[in-house]
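The primary structure of each chain is shown beneath.
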Amino acid sequence: MNLIRKPFRYSFFNATFVIIAANIVVFLAVNIFPGLYPRLGLSVINCVGRGFWWQPVTYMFVHSGFTHILLNMFGIFMFGLQVERAIGSKEFLLFYFLCGILDGVISLALYFFSGYYYVNLVGASGALYSILLIFAVLFPKSIIGVYGIIPVPAPLLVLGYAVIELGSHFRGGSNVAHLTHLTGFAIAWLYLIVRMGLHPIKIWKNAWFD
């Protein structure tokens, strides 16, 4: 446990902007060379069937359109930068990629066992949901303006998103993408407890009720 929780020496080098830049580069590359989309996105038929084993990493940098990448990059900028400043760039990169990759692997397994072999999963949404959770834990008293006008405490926003995703999944029947978002929350939750020794419920309780 001591090895797992051994902290990095704090450093800050704007890893958030590097991640955003990488997403933009991939987005432009995919639009110039559309054949990259199925090679970099995550699907059972390509990852397992054709041996494209890099897809649980690359799918995070592929987006289906301008609105998709704009919303994800805006979220990573708004919340990721503050998280990175709080925990340091090295810890942030470990958190981001571990959550994103594990989310991809679990999503791949869900697609495989549910028979959705040709569905192509793309986007940084799973990693963004992980960032939202750690933001709410590191800054539990923060108030976020939903649509820029509705003030919502960060922990309540995270819990609200979790309920919405869970409800959307069951309403949509077999829509695994919603479980991908929930998995992002779950992996980040475990990371906070195991790696950082932070218990979200305790932190939120102490921040708002003690």
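Keep in mind that what you see is a predicted model, and the values were worked out from it rather than measured. (Residues numbered from 1 in each chain as written. Predicted model: local features only at pLDDT ≥ 70, side-chain atom pairs only at ≥ 80, totals over all residues. Heavy atoms only, no water.)

Re the environment of Val57
As a reminder of what qualifies: Strands here are runs of E lasting at least two residues and helices are runs of H or I lasting at least four, both read from the DSSP assignment and numbered beginning at the N terminus. A simple rule labels every residue: compare its accessible area, found with a 1.4 Å probe on the protein chains alone, to the largest value its type can have, and call it buried under 20%, exposed over 50%, or partly exposed in between.
Mapped onto the fold, Val57 is located in helix α4 (residues 55-58). Residue classification places Val57 among the partly exposed residues on the basis of a relative accessible area of 33%. Counting along the chain gives 17 residues from Val57 to Leu40, while the straight-line C-alpha distance between them is 8.5 Å.

A few points about the pattern of salt bridges
Quick reminder of the rule: When a carboxyl oxygen of Asp or Glu lies within 4 Å of a side-chain nitrogen of Lys or Arg, that pair is called a salt bridge.
Applying the stated criterion to the full structure yields one salt bridge. Glu91 serves as the salt-bridge partner of Arg195, at 2.7 Å between the closest nitrogen and oxygen. Placement of Arg195 in the loop between α9 (176-194) and α10 (200-208) and of Glu91 in helix α6 (residues 89-114) is noted, with a sequence separation of 104 residues between them.

Points about the side chain of Arg195
Filter applied, for reference: Throughout this description, a polar contact denotes any pair of N or O atoms lying within 3.5 Å of each other; where both atoms belong to protein, one of them has to be capable of donating a hydrogen while the other can accept it, and for residues adjacent in sequence the pair is counted only when both atoms sit in side chains. We call two residues in contact when some of their heavy atoms are within 4.5 Å.
Classification of Arg195 as buried rests on a relative accessible area of 11%. A polar atom in the side chain of Arg195 sits 2.5 Å from the backbone oxygen of Ile4. Those residues in contact with Arg195 that lie beyond four places of it in its chain are Leu3, Ile4, Arg5, Lys6, Pro7, Phe8, Glu91, Leu94 and Leu190.

The analysis is restricted to geometry; functional conclusions fall outside its scope.
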